[in-house]
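# An overview of the molecular structure
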Amino acid sequence: MSGDHLTGTTFEGRAAEQLAKPFQRKAIPAAVDGTVAHSRALFATGDRERLRELGRDIRAHAVANLPEYVAAFTDAAEANGTRVHFAGDATEANAIVAGICRDAGAQLIVKSKSMLTEEIELNPALEAAGFEVVETDLGEYVVQIANDRPSHIIGPIIHKTRGEVRELFSAIAGRDLGDDPRALTAFAREQLRDVFLRADVGITGGNFAVAESGSVVLVTNEGNARLATSLPRVHIALVGVERLLPRTADLSVLIPLLVASGTGQQLTTYLSIASGPRREGEPDGPDEMHVVLVDGGRSAILGTGYQDILNCIRCGACQNVCPVYRQVGGHAYGWVYGGPIGAVLTPLFKPSAEGLEVAHASSLCAACDDVCPVKIPLHDLLVDLRRDRVGRRIPGRFERLAYGAWSRAWSSPLLYRLSGRVGIASLRLLARGGVVRRGLGPLRRWTRDRDLLLPGRRRR
Amino acid sequence: MERDAFIARLAAARPGPPLPDVSSLPAVHTELRPGDELYARFVHELTAVNGTCELRPAAAVSAAVVAALGDARRVALGADLGDHQAPVEGALAAAGIAAIAYEEAVADRAVLGALEATVTGCALAVAATGSIVISAAAGRAAALIAPLHVCVVPAEHLVGGLAEALRILPPGSLTAFQSGPSRTADIEKVLILGMHGPGATHVIVAT
Ligand code: SF4
């Protein structure tokens, strides 16, 4: 269940594979359009712009001052009785988690949904260490059984039909469960409830970590994260180090931004603030709480022109509105994150030729900028990544020459106008009846699937 | 990694903006709007997320709890009902419901797994989001282990919005906001209640 399908593939190849799945192209808009509409309606009842500015400033401030907030978080968490661990990379994070599970004498581990654990490929690492790991978010449970990967931050199986889920669950049940989502969900609940009651360790992610209180904040709708923090004897939360917030009060800004953007809800069904192991007098809860702060490539982005991407709160809104994502789905991006956030993060976390190419999986329409709840300039970051890739001489010689000429021409008003005329004149040579049906050179790929209309004449 | 080495790697950041003041917020859907009445907004939001709610004078609360439990017989009771604790226990016994303390139920996984309903109090309730706020002092899983959760909310625990609730969070190792029954829409976006938590949440606001 590796999270990396980049090696030896191209975006074009992966996208073509995804486009061949007719369900997915209809399913993504069907699944996300409701969220987009609900989100818009909710934000329309308030001062959305001001709220986003506050969200951006809180996040940008926290990311710029991580040394201070990581230290404060650690002190506060330890005062609560939580053990804080520091993982430089994926291997170290996985080893820390396996070590905690081993020390606890654990066998069965329940997990709630966490994109960070997809990044570090925690499940295979724990399985290799001899533990049984069960995903408990319904979507992630399906992903795990199918040996698949999540294709959306919030809705991991929006690429799957109920028929596929029926097949997977029926195989486990040993009888046909039918394709009513109600029956399928009930089956999963029953399976997972039993696992929850037996599990030794509960692993969660962390939507935020609050420095002043040493708490980890979790939002879910199903309640699995809360069960995972209630029933097992040990709770381990893995949190990306950039997810710190200075104050509890910051949640009054970031929770509405995250939830409305992510699911279009007023508030998720469950919002849990976990501040340590069970205390004296409390009837249930874990004996141990561990927080693993994970760097995993994040510190390398600090101080670069891409620092703003660390403000991301993983709401998935940019995926929902991205015209490329809506067609090709999350898997085409080759790594854990799809859509604009993936197009920025993948090249930064996986700077191979294949990883860098993902920055081009965007039409630069900037729809993502408009919805990002913390105002990350995704469009600018994508353009910068492309520029950097050109600088690193990864594209062919022709592409570099062409971009060089383009940049020179469009920096001068005279040459800009001239280049427009030359361009249109050459298009006219190719056109028949105002339409270019088969282009030459770099135009060939554009016209392979669509016609190119000639630009209209300027009227005076 | 050692803490200091880990933190040292984070020092290269470009400077950011100052931390903004959030003591007064711009208009946002998780806070009260001008003219909102506390209870009316709470009912509106809770109903919108498939919870149910009734307003009862203190003396009528225990009868309302019995009624809300319907046919449920394997019932666990939180220890956080305050003034309502004794009357509710009495009413359940009179109705022939042998409720056990949540603390006892949680000690035996077989009993815990077989519960049909739980009854708890709550530390706070948030009008603008239709949420009840339960502290670990009452039990982390008390509100979500059974298919039905009945919650008694003293009217004076009702606050306006998320910001106020966050300012006065109850003590405890975990604070949980819960807004309506557990839900999922993972399979083809079909909304289903009662995924891991209860399929029904009933709130009795006691005046
Ligand atoms: S980049 Fe912005 S819109 Fe996209 S997931 Fe992150 S926070 Fe959400």
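Below is a summary of the structure that appears in this document. (Residues numbered from 1 in each chain as written. Chains lettered and ligands numbered in written order. Predicted model: local features only at pLDDT ≥ 70, side-chain atom pairs only at ≥ 80, totals over all residues. Heavy atoms only, no water.)

### Observations concerning helix α4 (residues 85–94) of chain B
Residues and elements named next belong to chain B. Going by this rule: Each residue gets one of three labels from its accessible area relative to the maximum for its type: buried under 20%, exposed over 50%, partly exposed in between, using a 1.4 Å probe on protein chains only. In this description a helix means any DSSP run of H or I spanning at least four residues, a strand means any run of E spanning at least two, and both kinds are numbered starting from the N terminus. The arc refers to the directions leading from the helix axis to the C-beta atoms. Whether two residues touch is decided by their heavy atoms; if any such pair falls within 4.5 Å, the residues are in contact.
Of all the positions in α4, only Gln 85, Val 88, Ala 91 and Leu 92 are classed as buried. In an axial view of α4, the angular spread of the buried residues amounts to 140 degrees, which keeps them on one side of the axis. Those residues of α4 that are exposed and angled more than 90 degrees off the buried face are Ala 86, Ala 93 and Ala 94. Looking at the buried positions of α4, the neighbouring elements they touch are α3 (61–69) and β2 (75–77). Once α4 finishes, Gly 96 follows within two positions and takes phi at roughly 80 degrees, a positive value.

### A closer look at the sheet that holds strand β5 (residues 208–210) of chain A
Rule in force here: A pair of strands is considered paired only if DSSP assigns at least 2 bridges between the two.
Taken in spatial order, the 8 strands of this open sheet run β8(A)-β5(A)-β6(A)-β9(A)-β9(B)-β6(B)-β5(B)-β8(B), and their pairing is mixed. At either margin of the open sheet sits one strand with a lone partner, and together these are β8 (244–245) of chain A together with β8 (158–159) of chain B.

### Structural notes on the sheet that holds strand β4 (residues 117–120) of chain B
Residue and element names in this part refer to chain B. Basically, it comes down to this: In this analysis, axes come from line fits to C-alpha atoms, helices being fitted only over the stretch in contact, and the angle between any two N-to-C directions falls in the range 0 to 180 degrees.
Taken in spatial order, the 6 strands line up as β1-β12-β7-β4-β2-β3 in an open sheet, and their pairing is parallel. At either margin of the open sheet sits one strand with a lone partner, and together these are β1 (52–56) and β3 (100–101). As judged from the 4 bridges shared by β4 and strand β7 (residues 148–154), these two strands associate in the parallel manner. Across the sheet, the residue bridging to Thr 118 is His 149, located in β7. In this fold α3 packs onto β1, β2, β4, β7 and β12 (200–206), with an angle of close to 165 degrees to the strand it touches most, β7.

### Some details on the nonpolar core
Where a protein is soluble and globular, its nonpolar side chains tend to be buried together. Worth spelling out the cut-off: As used in this record, nonpolar core signifies buried Ala, Val, Leu, Ile, Met, Phe, Trp, Tyr and Cys residues forming a set joined through side-chain atoms within 4.5 Å.
In this structure, Val70(A), Phe73(A), Ile255(A) and Tyr333(A) are the most contacted members of the largest nonpolar core, which totals 104 residues. It is helix α12 (residues 251–263) of chain A that contributes the most residues to this core, 8 residues altogether. In this view, Ile255(A) contacts Phe208(A), Val217(A), Val219(A), Leu267(A), Leu271(A) and Leu162(B); residues no more than four positions away in its chain are not counted. Core analysis: the second largest hydrophobic core is formed by 37 residues, Ala199(A), Leu144(B), Ile145(B) and Ala146(B) among them.

### So, helix α2 (residues 22–44) of chain A
All names here are of chain A. Applicable threshold: Here the expected length of a helix is defined as 1.5 Å per residue gap, with one fewer gap than residues. Note on bend: the value at a residue is the angle between axes fitted to the seven residues ending there and to the seven starting there.
Taking 1.5 Å as the rise per residue, α2 with 23 residues should run 33 Å; its terminal C-alpha atoms sit 34 Å apart, in good agreement. Along α2, the helix axis deviates most sharply at Val 32, where the bend reaches about 30 degrees. Buried-residue contacts for α2 involve α1 (11–19), α3 (48–64), α12, α13 (317–321) and α14 (323–328).

### With respect to the pattern of salt bridges
All names here are of chain A. The following threshold applies: Should a side-chain nitrogen of Lys or Arg be within 4 Å of a carboxyl oxygen of Asp or Glu, the pair is scored as a salt bridge.
Applying the stated criterion across every chain, the model contains 28 salt bridges over all chains. Taking the shortest distance from any N to any O, the salt bridge between Arg 233 and Asp 200 comes out at 3.1 Å. With Arg 233 in the loop between α11 (224–228) and β7 (234–240) and Asp 200 in the loop between α10 (181–198) and β4 (201–204), the pair connects residues that are 33 residues apart, well separated along the chain. With a relative accessible area of 14%, Asp 200 lands in the buried category. The salt bridge partner of Asp 384 is Arg 387, with a shortest N-O separation of 3.4 Å. Placement of the pair is Asp 384 and Arg 387 together in helix α18 (residues 378–391), with a separation of 3 residues, close to one helical turn. Judged by relative accessible area, Asp 384 falls into the partly exposed class, the value being 23%.

### Focus on the pairing of β4(A)
Residue and element names in this part refer to chain A. A two-sided burial pattern is seen for β4, the buried positions comprising Val 201 and Ile 203 on one face and Gly 202 and Thr 204 on the other. Relative to β4, strand β2 (residues 108–111) runs parallel, the two sharing 3 bridges. Within β4, the position partnered with Val 110 by the bridge is Gly 202. By the bridge criterion, 4 bridges tie β4 to β7 in an arrangement that is parallel. For Gly 202, the partnering residue across the bridge sits in β7 and is His 235.

### Concerning the interface of chain A and chain B
Counted only if it meets this: Put simply, buried area is how much 1.4 Å-probe accessible surface two parts lose in total, over both of them, once they are put together. Ten residue types, Ala, Val, Leu, Ile, Met, Phe, Trp, Tyr, Cys and Pro, are classed as nonpolar, four, Asp, Glu, Lys and Arg, as charged, and the remainder, Gly among them, as polar.
Contacts between the two partners involve 103 residues from chain A and, on the opposite side, 77 residues from chain B. With both sides pooled, the region where chain A packs onto chain B buries about 7300 Å², and carbon together with sulfur makes up 61% of that total. In this assembly, chain A and chain B are joined by 2 salt bridges. The closest approach of N and O atoms between Arg9(B) and Asp295(A), which form a salt bridge, is 2.9 Å. Among the elements that take part in the side of chain A that touches chain B, α10(A) stands out by supplying 10 residues, more than any other. In terms of residue class, the side of chain A that touches chain B is built from 49 nonpolar, 32 polar and 22 charged. In the sheet, strand β9 (residues 270–274) of chain A pairs with strand β9 (residues 174–178) of chain B via 5 bridges, with the strands oriented antiparallel. In the strand pairing of β9(B), Tyr270(A) is matched with Gln178(B).

### Looking at the environment of Leu197(A)
Looking at the element boundaries, Leu197(A) is found in helix α10. A relative accessible area of 15% places Leu197(A) in the buried class. For the pair Leu197(A) and Val383(A), spaced 186 residues apart in sequence, the C-alpha to C-alpha distance is 49 Å. Contact partners of Leu197(A), with chain neighbours within four places excluded, come to Leu231(A), Arg109(B), Leu112(B) and Gly113(B).

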